[in-house]
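Next come the chains, spelled out residue by residue.
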Amino acid sequence: TMEHALDHAKSQGENICVYHVASVFGPTEDPIQTAHDNVQGTEDLVRVLAKNGKCRLVLTSSMAAVRGTGQDPLNGQFY
């Protein structure tokens, strides 16, 4: 589990940095449940990290997760 991995890293004196890049994206049978599961998974991760002390979290998202095909930003810029 994440908790065991963090405990092991701390016992070795390691600095801890977690990259959270996982979420379900794309058409699903129940998009509301999919969104809920993605949010819940992120909340669970943040709670474990907060409970285990000093950790760094890098949370990323794909542009595809926030922009539909064929849509362009209003200012025309992709970052």
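Only a predicted model underlies this, so the values are computations on that prediction, with no experimental measurement involved.

1. Digging into the pairing of strand E1 (residues 17-20)
Of the two faces of E1, the one lined by Val18 and His20 is fully buried and the one lined by Cys17 and Tyr19 carries no buried residue. Summarising the sheet, E1 and strand E2 (residues 56-59) pair through 4 bridges and their orientation is parallel. Residue pairing across strands places Cys17 opposite Arg56, the latter belonging to E2. Each parallel crossover has a hand, and the one from E1 via helix H2 (residues 31-51) to E2 is right-handed.

2. As for the pattern of salt bridges
A full pass over the atoms with the stated rule returns 2 salt bridges. Of the charged contacts, one joins Glu3 and Lys51 as a salt bridge, the two residues approaching to 3.4 Å between their closest N and O atoms. Of this pair, Glu3 sits in helix H1 (residues 2-11) while Lys51 sits in helix H2, and the two are 48 residues apart along the sequence. Of the residues examined, Lys51 reaches a relative accessible area of 59% and is grouped as exposed. Residue Arg47 is joined to Glu43 by a salt bridge in which the shortest nitrogen-to-oxygen separation is 3.7 Å. Placement of both Arg47 and Glu43 in helix H2 is noted, with a separation of 4 residues, approximately one turn of the helix. Classification of Arg47 as exposed rests on a relative accessible area of 54%.

Parameters at a glance
Residues numbered from 1 in each chain as written. Predicted model: local features only at pLDDT ≥ 70, side-chain atom pairs only at ≥ 80, totals over all residues. Heavy atoms only, no water. Buried < 20%, exposed > 50% of the residue type's maximum accessible area, 1.4 Å probe, protein only. Helix = DSSP H or I, 4+ residues; strand = E, 2+ residues; numbered from the N terminus. Pairing = 2+ DSSP bridges. Right-handed = clockwise from strand over helix to strand, strands pointing away. Salt bridge = Lys/Arg side-chain N within 4 Å of Asp/Glu carboxyl O.

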